[in-house]
Amino acid sequence: MQKNHRPISPHIQIYKWQLTSVMSILHRMTGVFLCSLVLVLVAWLVSLRNPEAFECFKNIVHHPLTQIYLVGIIFSLFYHLSNGIRHLLWDMGYGLDLKTTYLSGWLVLSVTLLATIFYVLLFIE
Amino acid sequence: MKQEKTMKSLVSSAKYLGSAHSGLHHWLSQRLSALFLVPLIFWFLWQLPFIVRADQKDSLVWLASPVNMGGLFLLTSVFLYHGSLGLQVILEDYVAHKGLRFLSIIAVQFAAICFWMTSIVMILFLAFGLPSSNVSSY
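In this report, the structure presented in the accompanying data block is examined. Residue positions within a chain follow its written sequence, with the count starting from 1. Key to labels: chains lettered from A, ligands numbered from 1, both in the order written. Whole-chain, interface and lining totals are the exception, using all residues; otherwise, since this is a predicted model, local features are given only for residues with pLDDT of at least 70 and side-chain atom pairs are given and counted only at 80 or more. Excluding hydrogens and water, the side-chain values take into account all heavy atoms of the structure.

All names here are of chain A. By secondary structure assignment, the location of Thr 101 is in helix 5 (residues 98-121). Here the side chain of Thr 101 touches Gly 95 through a polar contact of 3.3 Å, landing on its backbone oxygen. When near neighbours in sequence (up to four residues on either side) are disregarded, Thr 101 contacts Thr 20, Arg 86, Trp 90, Gly 95 and Leu 96. By definition, any uninterrupted DSSP run of H or I lasting at least four residues is a helix, any uninterrupted run of E lasting at least two residues is a strand, and each is numbered from the N terminus. Pairing of N or O atoms within 3.5 Å defines a polar contact, subject to two protein rules: one partner must be a possible hydrogen donor and the other a possible acceptor, and residues neighboring in sequence count only if both atoms are side-chain atoms. The contact criterion used is simple: two residues touch if any of their non-hydrogen atoms lie within 4.5 Å.

Written out as structure tokens, the structure reads:
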């Protein structure tokens, strides 16, 4: 078969950035990122076997880099949760017109930002 | 087109393998697990501030409560199921090489089962472990 060198769609570089497309890819990216949370869960459960391991786990969790990761997880969790509910409503046939889609999109982003800020504040001593 | 020498009927070669007829099941499973995750995530977000402040002993006491143990059991199971379904869709969309796509999906499912087994065994092991949780190692 002859190799096809013609341009392949979609041409991501020439597409205009839109709220809908950015939120769609962000849903997938946060979903993939959230999967890593299972590693933290398993590490926590395994560390509970003895006090030294638990101390080690706590030290890792309190490391600044881990803290940044965890804030990212909280953000992703709220984003994936609220945008997921938006997706479920679409699947049931609600809010599919352009105006409502943009409105719910901005709503999801606002809820995510506010919820992330307030929830992270709960953990600051 | 030249007719190949084969036992395959013309209709069957035109249709090739066709649909696996499991697409709807996958679609529905992903949505139902998402719906199930909503209350579980709210429960988790409510419990997390207590968990992060707990020491090892308090954490074991928390885990030994039937409600918390059951909640974590369900959350882990549905989380991993929903996650592996989601990763499968992403791999199907972006991995162009057929063999690599198949292998990566199998790897994701294998990893999900391993993580599920590890977390469930650990939850049961810790919750039904020695009643005195001040024992240094068991």
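In this section: a nonpolar patch on the surface. Residue and element names in this part refer to chain B. A cluster of nonpolar residues, Phe 73, Trp 116, Met 117, Val 121, Leu 124, Phe 125 and Phe 128, forms a patch on the protein surface that exposes about 660 Å² of accessible area. Examining the composition of the nonpolar patch, we find that 5 residues originate from one element, helix 5 (residues 98-127), more than from any other. The classification of residues rests on relative accessible area computed with a 1.4 Å probe and restricted to protein chains. Under 20% of the type maximum is buried, over 50% is exposed, and intermediate values are partly exposed. Relative accessible area serves as the criterion here: at 44%, Met 117 is assigned to the partly exposed category. Patch building starts from residues that exceed 30% relative accessible area and form no salt bridge, then joins like charges within 9 Å and nonpolar side chains (Val, Leu, Ile, Met, Phe, Trp, Tyr) within 5 Å. Using the Shrake-Rupley algorithm and a 1.4 Å probe, accessible areas are obtained, with residue cover drawn only from the displayed protein chains. Salt bridges, as used here, are contacts in which a Lys or Arg side-chain nitrogen is within 4 Å of a carboxyl oxygen on Asp or Glu.

Opposite the 30 residues of chain A that make contact, chain B presents 41 residues. Computed with a 1.4 Å rolling probe, the buried area is the accessible surface lost when two parts are put together, summed over both parts. Between chain A and chain B, the buried area comes to about 3,100 Å², and carbon and sulfur atoms account for 74% of it. Our count for the chain A to chain B interface comes out at 2 salt bridges. Its salt-bridge partner being Asp91(A), residue Arg31(B) comes within 2.7 Å of it at the nearest N-O pair. Where chain A packs against chain B, one counts 8 residue pairs in polar contact (both at pLDDT 80 or more). Listing elements by their share of the side of chain A that touches chain B, those giving two or more residues are helix 1 (19-35), helix 2 (37-47), helix 3 (51-62) and helix 4 (64-91) of chain A.

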